[in-house]
Amino acid sequence: MDLLVFAHRGEAQCFLKEMELKAHPLNNSLYTLEDQSVALIITGEGHNNVLTGLSLALGQLSGNVQRIINFGICAALNEQLQKNEIHSIRTIYGQDEFKSFQTIDTQAKHDLITAKQRLLDTKESQKLEHIAPLADREGWAIGLVAKQANIDLLSYKLISDHVSDAPICEYIKELSQDYSQKLFEFYQELELVEKASSIENPFKEQSDYYFTLSLNREVSNLCQQLCVKYEKENINDIIDTTSLLNLETTPKKRALKLRDQLKEKLYPTRTKILGQLDSFIQDAGFEKKELTYDPAIEKVFLNLKINIKSEKDIKELTRKLKNINWHEYQSIMNGENL
């Protein structure tokens with residue numbers, strides 16, 4: 001079993017939405033897959049929370065954890081490292097701690113130091129920069145627990161900011177969903193590399209479909225991810241394409257519909273939200289090309305693009321705008337109506 005470790009719920013939110021994780025009956029911060037292949041724990045920030053939360057989770061998982069994987073955001077103490085990059089951690093140091101802990105990733109190039117307090121000014125960060133270029137609040141404690149339990153450790157950190165004298169905590173909090181999405185996509189790529197890197201598009205040679213180079217690559221990736229998710233070697237064991245083959249359409253359009261069907265199977269939550277958004281726009285009286293939303297469904301905004309040629313058009317637009325229930329739109333984007 002892999003145990004995914006997060007300090008904050010915001011960092012874990014996309015994992016909780018997209019993976020079929022169920023809460024542990026004795027721990028509201030611990031979640032597991034039904035097949036017991038993956039578990040997820042939200043420890044809270046800081047040494048003490050991590051030590052108690054992670055140790056408790058390992059006990060409740062009855063010694064079934066073979067690998068601990070830490071995901072989270074960190075600060076860059078070196079301005080040469082770019083924001084929003086994700087780095088695999090090589091060695092984890094602790095502020096004022098003698099011991100350090102290494103991950104099992106022999107290809108990792110960057111080290112991390114865990115600070116005792118949040119780094120809110122450049123003066124404090126400069127003291128730690130000579131030890132490691134990245135800093136967080138929980139990595140060292142995770143390393144300590146992994147070492148004591150004799151469990152392999154991996155750590156992947158997304159750079160959220162460069163430490164400065166400006167107040168950035170609230171700004172980072174607002175972007176938590178973006179960070180979580182990036183970390184989840186990175187996690188999926190890790191799974192593909194480990195378990196299904198050799199899977200190709202099995203529909204490519206069938207005359208019923210026509211794939212461009214980019215579409216073939218996209219379908220291949222989707223097939224890989226689905227085989228990993230459902231632990232199958234053959235995509236035909238996961239989806240039924242009979243209805244697609246019976247459609248009276250062109251091979252290219254059939255291939256596009258196949259791509260959409262694969263996406264729906266891989267991201268059922270996302271598919272439901274997209275359907276709700278399309279219905280929301282239609283109910284308001286707009287065409288899809290007139291009123292659009294963030295295609296990544298990460299940021300809550302609407303774009304309006306409409307031609308106005310007369311006063312009548314203005315009145316019609318005003319009528320339609322009154323049909324937009326912003327509270328309902330926010331609820332859909334937050335997944336509250338699933």
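Above this text is the structure in question.
Residues numbered from 1 in each chain as written. Predicted model: local features only at pLDDT ≥ 70, side-chain atom pairs only at ≥ 80, totals over all residues. Heavy atoms only, no water.

### Some details on a negative patch on the surface
Stage number 1. On the surface, a cluster of negative charge is contributed by Glu20, Glu34, Asp35 and Glu231.
Stage number 2. Tracing the backbone through its elements, the reader meets Asp35 in the loop between strand 3 (27–33) and strand 4 (38–42). (Patch = residues over 30% accessible without salt bridge, like charges linked within 9 Å, V, L, I, M, F, W, Y side chains within 5 Å. Areas by Shrake-Rupley, 256 points an atom, 1.4 Å probe, with all protein chains shown as cover. Salt bridge = Lys/Arg side-chain N within 4 Å of Asp/Glu carboxyl O. Lys, Arg positive; Asp, Glu negative; His and termini not counted. Charge placed at Lys NZ, Arg CZ, Asp CG, Glu CD. Helix = DSSP H or I, 4+ residues; strand = E, 2+ residues; numbered from the N terminus.)

### Considering the packing of helix 2 (residues 47–60) against helix 4 (residues 139–149)
Stage number 1. It is at 8 Å that the axes of helix 2 and helix 4 come closest, and there the two elements cross at 35°. Here the hand of the crossing between helix 2 and helix 4 comes out right-handed. Together, His47, Val50, Leu51, Leu54, Ser55 and Leu58 of helix 2 and Trp140, Ala141, Ile142, Leu144, Val145 and Ala149 of helix 4 make up the contact between the two elements.
Stage number 2. Among the residues making up the contact of helix 2 with helix 4, the classes are represented as ten nonpolar, two polar and no charged. (Axes fitted to C-alpha atoms, helices over the stretch in contact; angles between N-to-C directions. Left-handed = near helix turned anticlockwise from the far one by under 90°. Contact = heavy atoms within 4.5 Å. Nonpolar A, V, L, I, M, F, W, Y, C, P; charged D, E, K, R; others polar.)

### Digging into the pattern of salt bridges
Stage number 1. On inspection of all chains with the given rule, the structure shows eleven salt bridges.
Stage number 2. As a salt-bridge pair, Glu138 and Lys157 come within 2.9 Å of each other at their nearest N and O atoms. Here Glu138 is found in the loop between strand 9 (134–136) and helix 4, whereas its partner Lys157 is found in strand 10 (residues 152–162), with 19 residues between them in sequence. In this structure, Glu138 and Lys157 share a single accessibility class: buried.
Stage number 3. The salt bridge involving Lys320 is made with Glu290; its shortest N-O contact spans 3.8 Å. Of this pair, Lys320 sits in helix 11 (residues 311–322) while Glu290 sits in the loop between helix 10 (268–283) and strand 11 (291–293); the two residues are 30 residues apart in sequence, bridging distant segments of the chain. (Buried < 20%, exposed > 50% of the residue type's maximum accessible area, 1.4 Å probe, protein only.)

### Topic: helix 9 (residues 251–266)
Stage number 1. The end-to-end C-alpha separation of helix 9 is 23 Å, in line with the 22 Å expected for 16 residues at 1.5 Å each.
Stage number 2. Looking at helix 9, one finds that the buried residues are Arg254, Ala255, Leu258, Arg259, Gln261, Leu262 and Leu266. Looking down the long axis of helix 9, one finds its buried residues gathered within 165° of arc, a one-sided arrangement.
Stage number 3. Those residues of helix 9 hidden inside the fold are in contact with helix 7 (213–230), helix 8 (242–245) and helix 10. (Expected span 1.5 Å × (residues − 1). Arc of directions from axis to C-beta.)

### Re the packing of aromatic side chains
Stage number 1. Taken as a whole and judged by the stated rule, the model has 13 aromatic pairs.
Stage number 2. Their ring planes at 65° and their centres at 5.6 Å tell us that Phe203 and Tyr209 sit as a pair that is edge-to-face.
Stage number 3. Both rings, one in Trp326 and one in Tyr329, keep their centres 5.1 Å apart while their planes meet at 45°; by these two values the pair is tilted. Of this pair, Trp326 and Tyr329 are both found in helix 12 (residues 326–333), three residues apart, which corresponds to roughly one turn of the helix.
Stage number 4. The rings of Phe6, Phe15, Phe71, Tyr156, Phe184, Phe186 and Tyr187 are connected pair by pair, giving a single aromatic cluster. (Phe/Tyr/Trp six-rings, centres within 6.5 Å; stacked < 30°, edge-to-face > 60°.)

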